[in-house]
Protein chains: 2
Amino acid sequence: MRVMGVDPGLTRCGLALIETAPGRGVTALDVDVVRTRADEPIERRLRAVHEVADEWMDIHRPDVVAIERVFAQNQVSTAMGTAQAAGVVAMAAAYRDIPVAFHTPSEVKAAVTGSGRADKKQMTLMITRILGLQKPPSPADAADALALAVCHSWRAPMQGRVAALDAQVSRSRAGFEAKVVEGRAAATRTAGVGRSHGGTSTADQERARAAARGMARTKGVRW
Amino acid sequence: MRVMGVDPGLTRCGLALIETAPGRGVTALDVDVVRTRADEPIERRLRAVHEVADEWMDIHRPDVVAIERVFAQNQVSTAMGTAQAAGVVAMAAAYRDIPVAFHTPSEVKAAVTGSGRADKKQMTLMITRILGLQKPPSPADAADALALAVCHSWRAPMQGRVAALDAQVSRSRAGFEAKVVEGRAAATRTAGVGRSHGGTSTADQERARAAARGMARTKGVRW
């Protein structure tokens, strides 16, 4: 699987591509940093970021694009530009039907170093080790993009397993609820309580079962 | 001049096109509202907004795109998505070399109603009057986009005049500074103070004048 990691920004936008294969670990394939000038109009800067990200997706054909999630609370002055840069990269992926995943900085740190509060030095050290690089990734800004991609490659299978488990739990719950409804309907039939508005008991059962299924579907694993 | 007004958003993004001509006032040519579903991934929603904005620019060929400026402080939960929607529209304009202008909500209100704190009702009433519409703009969300475009068409010539004045002041200042430098150089020549590193006084003067011009250019009207 090819994962493109993006550390969004207008002044500097880090891009990285890694490849993962079962049993063969993680390999760094490419890194780049897009720089745009602060005195350029915002729309030109966004275009520049989009152009490079778009070209990357053309060349590297990633299976998924992992982007750092930007919060409005952090550094209000630059947060909007950073969010917009993330937006144009995510949009470029959507035009190619490439799935996009967002990870928070602490999720990335936790995935790479084991601690959500790791510092830059620790992060660079771990990324260099994980990817088996001879020296720290260069340019330095690319390290965050690599970390994003590594984080995704490790979190995604876990998220996939959790989703599969969720679905299984959902199915069990739906089966259980359908049985309860069926049992209740059977009890009603035995007690001889008729319906005045003409629904047959089979149709009632089906409606009840469908309702139970629907409920189980939307409520997921919350029990 | 054709002005495209954009009230950015993911749930609803208002688009409007107006035409202004000297002595003929302002005419509304088109309005539209892009809606995207909150349960769609953000990148798909941005793509949908971009697709429609892009198509609009293809069809309507606006001379300028006026977009509401989004602040991170307001409604943190939706501000990022709104900023990203504004970003993809601005970027679409940049790909066509169409200039983009941002106006704050209070600038728009002040331009349209005379008060930066006008309410929605006042705004709709004034926009309906200014554009000579038989009834309030529909869909309602389009009113804000129309207001953005009207605001720009009124502010832009003023901004243009201010810029022209700035340039004039800059030129005067550069002329003045060049004269000061020239005067100083002449005084140095008269005093018989020679340069040891071999620059001729004419070259020195030219360098000094160029420096004065450069300074005047970057410092603008701050005096």
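Remember, predicted model here, so these are calculated numbers, not experimental data.

Caption draft 1: Inspection of the overall build of chain A at higher detail. What chain A contains, in helices and strands, is 6 helices and 5 strands. In sequence order, the secondary structure elements of chain A are arranged as β-β-β-α-β-α-β-α-α-α-α. Looking at the 223 residues of chain A, the share that counts as buried comes to 39%. At a minimum sequence separation of 6, the contacts of chain A that also span at least 24 residues come to 64%. Total accessible area on chain A stands at roughly 12200 Å², and carbon and sulfur atoms take up 53% of it.

Caption draft 2: Examining the interface of chain B and chain A more closely. Contact with chain B, which involves 26 residues of that partner, is made by 26 residues of chain A. Of the roughly 2200 Å² buried where chain B meets chain A, counting both sides, 69% is carbon and sulfur surface. For chain B, the biggest contributors to the area lost against chain A are Glu43, Met80 and Tyr95 of chain B; these three give 27% of the whole. At the boundary of chain B and chain A, one finds 4 salt bridges.

Caption draft 3: View of the sheet that holds strand β3 (residues 25–35) of chain B. Residue and element names in this part refer to chain B. Read across the sheet, 5 strands follow the order β3-β2-β1-β4-β5 without closing on themselves; strand pairing throughout is mixed. Each edge of the sheet is formed by a strand with only one pairing partner; in this case those strands are β3 and β5 (100–103). Ignoring strand direction, the axes of neighbouring strands in this sheet form an average angle of 20°. In the sheet, strand β2 (residues 12–21) pairs with β3 via 10 bridges, with the strands oriented antiparallel. Residue Leu17 lies in a different strand from β3, and its bridge partner there is Asp30.

Caption draft 4: The UniProt feature "active site" (unreviewed entry) in chain A, seen in detail. Residue and element names in this part refer to chain A. The feature "active site" (unreviewed entry), as given by UniProt, occupies Asp7, Glu68 and Asp141 in the numbering adopted here. The largest pairwise C-alpha distance within this set of annotated residues, which runs over 135 residues, is 13.3 Å, so the set is compact in three dimensions. With respect to the secondary-structure elements, Asp7 resides in strand β1 (residues 2–7). With a relative accessible area of 14%, Asp7 lands in the buried category. For Asp7, the residues in contact, after removing those within four places along its chain, are Arg12, Cys13, Gly14, Glu68, Asp141, Asp144 and Ala145. By secondary structure assignment, the location of Asp141 is in the loop between α4 (120–130) and α5 (142–191).

Caption draft 5: Region of the structure containing the pattern of salt bridges. A complete count under the given rule lists 22 salt bridges over all chains for this structure. For Arg47 of chain A, the salt bridge goes to Asp97 of chain B, with nearest N and O atoms at 3.9 Å. Of the two residues, Arg47 of chain A is situated in helix α1 (residues 42–60) and Asp97 of chain B in the loop between α2 (76–95) and β5; the pairing between them involves two chains. With a shortest N-O distance of 2.9 Å, Asp144 of chain B and Lys120 of chain B are connected by a salt bridge. Placement of Asp144 of chain B in helix α5 (residues 142–191) and of Lys120 of chain B in helix α4 (residues 120–130) is noted, with a sequence separation of 24 residues between them. Judged by relative accessible area, Lys120 of chain B falls into the exposed class, the value being 58%. Three or more residues are tied together by salt bridges with common partners; here these are Arg44, Arg47 and Glu51 of chain A together with Asp97 of chain B.

Caption draft 6: The packing of helix α3 (residues 105–113) of chain A against α4 of chain A, seen in detail. All names here are of chain A. At a minimum axis separation of 9 Å, α3 and α4 run at an interaxial angle of 50°. It follows that α3 is oblique to α4 by the angle criterion. Remark: the crossing between α3 and α4 carries left-handed chirality. When α3 is examined against α4, the residues Val108, Lys109, Val112 and Thr113 are found in contact with a partner set consisting of Gln122, Met123, Met126, Ile127 and Ile130. In terms of residue class, the contact of α3 with α4 is built from 6 nonpolar, 2 polar and 1 charged.

Caption draft 7: Up close: the relation of the copies chain B and chain A. Each copy of the sequence occupies a distinct position, and chain B is placed on chain A by a rotation of 179° and an axial shift of 0.2 Å, giving an RMSD of 0.4 Å. In the structure described here, the two chain copies are related by an operation that fits a two-fold rotation axis. Residue Gln84 of chain B, judged by its C-alpha, is the member of chain B lying nearest the rotation axis, at 2.2 Å.

Caption draft 8: Local environment of the environment of Asp32 of chain A. All names here are of chain A. Relative to the elements of secondary structure, Asp32 occurs in strand β3 (residues 25–35). Overall, Asp32 belongs to the partly exposed group, its relative accessible area being 32%. For the pair formed by Asp32 and Val52, sequence separation is 20 residues and the distance between their alpha carbons is 9.3 Å. The residues contacting Asp32, other than those within four sequence positions of it, are Cys13, Gly14, Leu15, Val52 and Trp56.

What counts and how
Residues numbered from 1 in each chain as written. Chains lettered and ligands numbered in written order. Predicted model: local features only at pLDDT ≥ 70, side-chain atom pairs only at ≥ 80, totals over all residues. Heavy atoms only, no water. Helix = DSSP H or I, 4+ residues; strand = E, 2+ residues; numbered from the N terminus. Buried < 20%, exposed > 50% of the residue type's maximum accessible area, 1.4 Å probe, protein only. Contact = heavy atoms within 4.5 Å. Areas by Shrake-Rupley, 256 points an atom, 1.4 Å probe, with all protein chains shown as cover. Buried area = accessible area lost by both parts, 1.4 Å probe. Salt bridge = Lys/Arg side-chain N within 4 Å of Asp/Glu carboxyl O. Pairing = 2+ DSSP bridges. Axes fitted to C-alpha atoms, helices over the stretch in contact; angles between N-to-C directions. UniProt positions renumbered as here; feature names shortened; annotations may be inferred. Parallel < 35°, antiparallel > 145°, perpendicular 65-115°, else oblique. Left-handed = near helix turned anticlockwise from the far one by under 90°. Nonpolar A, V, L, I, M, F, W, Y, C, P; charged D, E, K, R; others polar. Least-squares fit on C-alpha atoms with pLDDT ≥ 70 in both.

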